[in-house]
Structure formats: structure tokens, C-alpha cells
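Below, each chain spelled out in residue letters.
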Amino acid sequence: MSSAAPRTTGQDHLWSVDEHLEDILATVRPLEPIELQLLDALGCVLVEDVTVPVSLPPFDNSSMDGYAVRVADVAGASEEFPAVLEVVGDVAAGQADLLHVGPGQAARIMTGAPLPPGAETVVPVEWTDGGLGEGPVSGMRARALAPEGASGQVRVHRPAEARAHVRAKGSDVKAGDRALEAGTVLGPPQIALLAAIGRGTVRVRPRPRVVVLSTGSELVQPGEELGSGQIYDSNSFALTAAARDAGALAYRVGAVADDAETLRSTIEDQLIRADLLVTTGGVSVGAYDVVKEALSHVGDEDEPGSGVEFRKLAMQPGKPQGFGSIGPDHTPLLALPGNPVSSYVSFELFVRPAIRTLMGLKDVHRPRVTATLSADRALGSPKGRRQFLRGAYADGAVTPVGGTGSHLVAALAQADALIVVPEDVESVEPGAEVEVVLLG
């Protein structure tokens, strides 16, 4: 990541959302690649192309439980006039020494087992009498219970074309093919492919470690009893969950009391496990806004380029914001407002893109669409502020959810989108086209 400090200007300057985001993304850099075991790489981004060293499947194999036979031996077979073949043995998955199937012979074969030499096709067991001398069967008897099924005769009641029910060598991917390209996010299917081609480790950018701290002496942990004037700490849970949803390894720190030295000490303790620090609360202009007090003067001649700047943004909710870097490694820090909705909206606009940038992703933003506003009345918006209203999006339309208050957590839980009202718009009429940020 860059060690450049954020640009500064006068205290009364009102920053735009785009300016603030641009400064954040100019400061944050993708994490250095590391080699990880496959399961540890889940959710990470590949930094190099992966080439297939061995074809998949590596040999011709059966896609059915049945009998490996020669095509000519079952031509014209029917239930009335079945082809009667000699069973020369079993071919099981993983078997190395293969039988040879000659004229008039059949080998009982299991799904995934190699097609034996001499065999040209596979007849499903349901097309045979299973060696019982009666009509068609629905399956094979377990070898442990009926070992004689691997010998004797089998009657085949239907013909089979060449290579029917045979998975050809390399039909999935061939040796030398590109299995995955750099920039791929590794999900379960990609992990499966890497394992299938024999890769035990892979080179990726690691998932960023994000530490979330909430501040406020009034905050109580969920599950504890509330005292007079106290509220439950929801922000740290919301932001930690949001960071994990964005792809990070996120750690929640219990609420820190309104004491600047305690907060500064807590942040310093957390630096060892953080690629990004996120605080919530204490960034406004009150006498107890400890994040601002604790971090406004962080950074000195011993740590050139570090420091945290606090700004006012032309947005609603989320006007007070802070960002910069802290500590010897210039760990990025984003300071968000304390009101729940302000905090969450700020996360979506600024923290999520920072996390995705650390991961090395090309597209770091939530998808945006144009939708028709479905509302009973016009939506008002403060002049000169970009407003982000909670909404529910469906079938090209978006409906406002709840009011504009920054404390309305219940309404936030019902929203899956943010309605964006530009700075130069003071009213949006029902039926108007609006920009929508999709959160789901």
C-alpha cells in the first residue's frame, strides 16, 4: 500500500463523495501475493494463470455401472434375442491392472473405472440381466455379497454404439489448457478444479485482515443488561459482518470507552493483525468525539507520510469522515460516523471498495442500475448533498424504505439497495428514473 498521506485543505472545505473515495483508493494498494493451501485460498484472487498439467479425465472411463463390451458383440441385441457374453471379471475405479475384452466377452465395469483394452463401449447394467439369467435388472449386487457376478455369463438386451457411456480422456480439460486465469476469485468450483488437476497450493493475494472498533461509553455488548442511557453496540457487528461479506477476514473489537488514550492504545495493539482498521463513532465535532481527538495528531517525523485527516463530505448520511494511515507499516485507517445508517452507508461507499482493492479485484464497486422510483410522494433531498436513501429493489423499480434518519436500523434491515439523489437535485417525483446501488 502507498504511504502517501491524504491531501489536505481548509477545515470548512466540503469534500465530494468522489473526491474522498478517490483519495482512499489512491492510498490503498493490493496486498502482496502469497502461496496458500487450497482451502486457505477460498475467496482469494489468483495472481497467475494456472495451466493444466494432466488431462481430465486422465483416461477413458465409464460413466455408468454396467459391462464393457465390443460393439459387434451386442449389435442387434434385444430382450427376445439377447447377446450372451462371457464375463471375464470386474473393472473397478482405481484399478491398475486391466482385463482384456475379446470377442464374445464382457467385463463388469463400475462408474469411473478405466475402459479396458479391447472394449469399445459400455452397456448399462439396466440393459442386461446382471448375470442372473432372467429379465433386465435395476442394479448390480455388491461384490462382497455375490462375488460370482464377476464371472459366468451376462445377457445384453440392447445394442450400444461405439463409445457410448464413455467419458473420453481430456473431455473436461486437456493437458496444456489454461484452467484458470489470473484475477479469478477462488470459489468452491475453482478449488475443486485445482484439486482435480493436482494442485495442492496456489499463488493468490490473501484476504485482507480488517479490524473493526466501535467507540462510545454508552455502548453495551448484546446479551448484557442495559443501564440508564445505554444502548447495544450494533455498529461493530454490522461492519464486521459487512467486511466478511466483502471478502475480508474481519475481527471485531469490543466497544472502546470515550477516552482518547485508551482508544489510541487499543488501535496500536490491533495493528499487528490488521491490513485495514475501521472505526465507527467519535468523528464529529462534539466534546467526546474521541476518535478525532486520538488520531488527529497521529504521525510525526518518525513515521513520515502517516496521519489521519478528518473531513466533512457533501453527502447524507455520513457527512463526517476520516481516513489516513497509522503505525510503522502505514496501515490504512477509515474512521466512520457513529450513527448506524451513516456508518453502514459509509462502509458501502468507502470501506468495501478499499477491501476489494486490497484483495486485488478489478471491479471493487457494488453494481449500479437505473430504476423507476415507486413512492407515494416526492422525495426531498438537501441542496448540495448527495443523498443515499434506503430502498427495496425489484423488477426495475425501487421503493424507499423508512425515513431519512441516520438511526433507523430496522428500516436498514429491510433494504437491499441505496437510492442515489445527486447533489443538484432537491426533489425526486414518483415515476422518475433514479440511480440505485444494489446491496444484495
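Keep in mind it's a predicted model, so treat the numbers as computed, not measured.

1. Re the overall build of the protein
Scanning the protein for helices and strands turns up eight helices and 29 strands. For 440 residues, the compact-globule formula gives about 22 Å, and the C-alpha radius of gyration of the protein, at 32 Å, lies well above that figure. Oriented by its inertia axes, the alpha-carbon framework of the protein measures out at about 95 × 55 × 45 Å. Contacts spanning at least 24 positions in sequence make up 71% of the contacts within the protein whose residues lie at least 6 apart. On the protein, roughly 20400 Å² of surface is accessible, and the fraction owed to carbon and sulfur atoms is 50%.

2. Structural notes on the packing of helix α4 (residues 235–245) against helix α7 (residues 340–359)
Relative to each other, α4 and α7 sit at 25 degrees, their axes nearing to 10 Å. Judged by the inter-axis angle, α4 sits roughly parallel to α7. Both α4 and α7 take part in a crossing whose hand is right-handed. Together, N235, L239, A242, A243 and D245 of α4 and P340, S343, Y344, F347, R352 and I355 of α7 make up the contact between the two elements. For the contact of α4 with α7, a count of residues per class yields seven nonpolar, two polar and two charged.

3. Considering the side chain of T279
One can find T279 in strand β18 (residues 276–280). Setting aside anything within four residues of it in sequence, one finds T279 in contact with L213, I267, V291, L334, A335 and L336.

4. Focus: the nonpolar core
Membership of the largest hydrophobic core comes to 40 residues, with the highest contact counts inside it found for V210, L276 and I355. At the level of elements, α1 (17–27), β14 (209–215), α4, β18, β22 (331–336), α7 and β27 (417–421) are the ones that each hand at least two residues to this core. In terms of residue count, the dominant contributor to this core is α7 (11 residues). For L276, the residues in contact, after removing those within four places along its chain, are R209, V210, V211, T331, P332, L333, L334, V351, A354, I355 and L358. Counting residues in each nonpolar core, the second largest holds 20 residues, with L213, A260, A294 and I326 among its members.

5. With respect to α4
Buried within α4 we find N235, S236, L239, T240, A242 and A243. The arc enclosing the buried residues of α4, seen along the axis, measures out at 160 degrees, which places them on a common side. Seen from the open side of α4, the exposed residues pointing more than 90 degrees away from its buried face are R244 and D245. At its buried positions, α4 is contacted by β14, β17 (249–256), β18, β22 and α7.

6. What to know about the packing of aromatic side chains
Counted under the stated rule, the structure contains zero aromatic pairs. The positively charged end of R311 is found above the aromatic ring belonging to W15, 3.7 Å away from the centroid.

7. Overview of the pattern of salt bridges
On inspection of all chains with the given rule, the structure shows 16 salt bridges. A salt bridge links E435 to R368, with the nearest nitrogen and oxygen atoms 3.4 Å apart. Here the residue E435 occupies a position in strand β29 (residues 433–438), and R368 occupies one in strand β23 (residues 368–373), the gap between them amounting to 67 residues. Taking relative accessible area as the criterion, E435 reaches 35% and is therefore assigned partly exposed. Each of the salt bridges in this network shares a partner with another, and the network as a whole consists of D18, R386 and E423.

8. With respect to the sheet that holds strand β3 (residues 45–46)
Taken together, the three strands give an open sheet; going across it, the order is β2-β13-β3, and neighbouring strands pair in antiparallel fashion. Either end of the sheet is taken by a strand with one partner, and the two such strands are β2 (34–37) and β3.

9. A closer look at the pairing of β22
Counting buried positions over the six residues of β22 gives six, a clear majority of the element. Of the pairings in the sheet, the one linking β18 to β22 comprises four bridges and is parallel in character. For T280, the partnering residue across the bridge sits in β22 and is L336. Pairing of strand β21 (residues 320–326) with β22 involves five bridges; the strand directions are antiparallel. Considered in β22, the bridge of S325 is made with P332. Linking β21 back to β22 in an antiparallel pair, the connection comprises four residues, with G327 at a positive phi of about 85 degrees.

10. Considering unusual backbone geometry
Most peptide bonds adopt trans geometry, and most residues besides glycine take a negative phi value. Backbone torsion omega between L56 and P57 reads -10 degrees, so that peptide bond is classified as cis. By the secondary structure assignment, P57 is in the loop between β4 (50–51) and β5 (61–62). Cis peptide bonds are those with omega within 30 degrees of zero, and the linkage from Q316 to P317 qualifies with -5 degrees. Structurally, P317 is set in the loop between β20 (315–316) and β21. One non-glycine residue, R163, lies in the positive phi region at around 65 degrees. Mapped onto the elements of the fold, R163 is located in the loop between β10 (153–156) and β11 (166–167).

The rules behind each value
- Residues numbered from 1 in each chain as written.
- Predicted model: local features only at pLDDT ≥ 70, side-chain atom pairs only at ≥ 80, totals over all residues.
- Heavy atoms only, no water.
- Helix = DSSP H or I, 4+ residues; strand = E, 2+ residues; numbered from the N terminus.
- Rg over C-alpha atoms; globule rule 2.2 N^0.38 Å.
- Contact = heavy atoms within 4.5 Å.
- Areas by Shrake-Rupley, 256 points an atom, 1.4 Å probe, with all protein chains shown as cover.
- Axes fitted to C-alpha atoms, helices over the stretch in contact; angles between N-to-C directions.
- Parallel < 35°, antiparallel > 145°, perpendicular 65-115°, else oblique.
- Left-handed = near helix turned anticlockwise from the far one by under 90°.
- Nonpolar A, V, L, I, M, F, W, Y, C, P; charged D, E, K, R; others polar.
- Core = buried A, V, L, I, M, F, W, Y, C linked by side-chain atoms within 4.5 Å.
- Buried < 20%, exposed > 50% of the residue type's maximum accessible area, 1.4 Å probe, protein only.
- Arc of directions from axis to C-beta.
- Phe/Tyr/Trp six-rings, centres within 6.5 Å; stacked < 30°, edge-to-face > 60°.
- Lys NZ or Arg CZ within 6 Å of the ring centre and 35° of its normal.
- Salt bridge = Lys/Arg side-chain N within 4 Å of Asp/Glu carboxyl O.
- Pairing = 2+ DSSP bridges.

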